[in-house]
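Residues per chain are reported as follows:
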Amino acid sequence: MCRTTGSGGSGRQDDRRGERRMSATTDPRVRRTRAVVVTTALGLLAERGIAGTTIEAVAERSGVAKTTIYRHWDGQAALVFDAFDSIRRPPEDPDTGTLRGDLTDLLTGLAAALSEGAAAGLWFALVEAAERDPDLAALHRREAEARHGVILRVIRRGIGRGELPADTDPAEVLDLLAGPLFYRRATSGAPVDRSFAQRMVERVLRAYAP
């Protein structure tokens with residue numbers, strides 16, 4: 001796997017990815033090839049996890065030559081980045097007017113994503129892979145920040161409106177809300193559904209009631 005290290009390496013990798021995307025938008029053949037490779041990578045990620053989604057495996061299944069794949073991606077990590085980008089849908093701020101309404105909307109959306117979404121299995125595979133690969137660790141941090149940013153903003157807004165105490169730690173509230181959903185999805189096999197998400201919202205709000 002070709003890696004970059006440090007902040008400078010990450011920046012160069014982002015620049016190269018940006019250049020490749022620009023070229024992909026101007027050549028229909030390139031767009032088609034990239035789409036085939038990314039779709040194949042997503043299928044392999046779902047079946048085999050990140051460790052099994054090698055450039056060789058993608059080339060064999062997609063019929064696209066390894067040399068062609070390497071012209072567009074530096075290696076496995078870069079391809080996994082783009083595969084995640086193709087399905088990533090960060091939540092939108094519901095702004096219902098109340099903290100309870102906002103958190104219920106966001107947490108039920110997370111419950112649905114963990115139960116039904118295409119990215120659910122990939123999130124857990126990414127957590128495991130991030131322990132071994134610094135590039136994938138960077139991807140994991142980016143994905144977490146994208147998911148968490150909206151919830152943190154909603155919590156801070158609730159603090160500002162007096163719906164939570166002024167000294168509330170937004171990150172702690174996030175952990176208490178999302179943690180049970182991820183734990184249940186990963187370990188118990190019990191349903192991660194709307195009802196469970198709503199109960200978590202109510203319990204956390206009661207715990208923090210001013």
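Residues numbered from 1 in each chain as written. Predicted model: local features only at pLDDT ≥ 70, side-chain atom pairs only at ≥ 80, totals over all residues. Heavy atoms only, no water.

Participant: What is the right way to look at the packing of aromatic side chains in this model?
Facilitator: When we look at a pair of aromatic rings, we describe it by the centre distance and by the angle of the planes. Taken as a whole, this structure holds 0 aromatic pairs when the rule is applied. Against the face of F196 rests R184, its NZ or CZ located 3.8 Å from the ring centre. (Phe/Tyr/Trp six-rings, centres within 6.5 Å; stacked < 30°, edge-to-face > 60°. Lys NZ or Arg CZ within 6 Å of the ring centre and 35° of its normal.)

Participant: Would you explain the nonpolar core in this entry?
Facilitator: Where a protein is soluble and globular, its nonpolar side chains tend to be buried together. The biggest cluster of nonpolar side chains holds 55 residues, and the ones touching the most others in it are L103, I155 and L181. When residues of this core are traced back to their parent elements, those giving at least two are α2 (28–48), α3 (55–62), α5 (76–87), α6 (99–116), α7 (120–130), α8 (134–160), α9 (170–188) and α10 (194–207). At 8 residues, α8 tops the list of elements feeding residues into this core. Once residues lying within four places of it in the same chain are set aside, the contact partners of L103 are I151, V154, I155, L177, V201 and L205. (Core = buried A, V, L, I, M, F, W, Y, C linked by side-chain atoms within 4.5 Å. Buried < 20%, exposed > 50% of the residue type's maximum accessible area, 1.4 Å probe, protein only. Helix = DSSP H or I, 4+ residues; strand = E, 2+ residues; numbered from the N terminus. Contact = heavy atoms within 4.5 Å.)

Participant: Quick question: what am I supposed to make of the packing of α8 against α9 here?
Facilitator: Helix packing for two helices is described by the angle between their axes and how far apart those axes are. It is at 9 Å that the axes of α8 and α9 come closest, and there the two elements cross at 130°. Here α9 runs oblique to α8, going by the angle between their axes. Where α8 crosses over α9, the two elements pack in a sense that is right-handed. Here R147, H148, I151, L152, I155, R156 and I159 of α8 lie close against α9, whose contacting residues are P170, A171, V173, L174, L177 and F182. Residues that form the contact of α8 with α9 fall into these classes: 10 nonpolar, 1 polar and 2 charged. (Axes fitted to C-alpha atoms, helices over the stretch in contact; angles between N-to-C directions. Parallel < 35°, antiparallel > 145°, perpendicular 65-115°, else oblique. Left-handed = near helix turned anticlockwise from the far one by under 90°. Nonpolar A, V, L, I, M, F, W, Y, C, P; charged D, E, K, R; others polar.)

Participant: Hey, could you run me through the packing of α6 against α10 in this one?
Facilitator: Packing of α6 against α10 leaves a shortest axis separation of 8 Å and a crossing angle of 140°. Regarding the angle of α6 to α10, the classification is oblique. Of the two possible hands of crossing, α6 and α10 adopt the one that is right-handed. In this structure, α6 uses L99, R100, L103, T104, L107, T108 and A111 to contact α10, whose residues at the interface are R194, A197, Q198, M200, V201, E202 and L205. For the contact of α6 with α10, the residue count by class is 8 nonpolar, 3 polar and 3 charged.

Participant: Would you explain unusual backbone geometry in this entry?
Facilitator: Both trends apply: most residues other than glycine have a negative phi, and most peptide bonds are in trans. For D95, which is not glycine, the phi dihedral falls at a positive 45°. Owing to a relative accessible area of 49%, D95 belongs among the partly exposed residues under this scheme.

Purely spatial values, then, with no claim about function.
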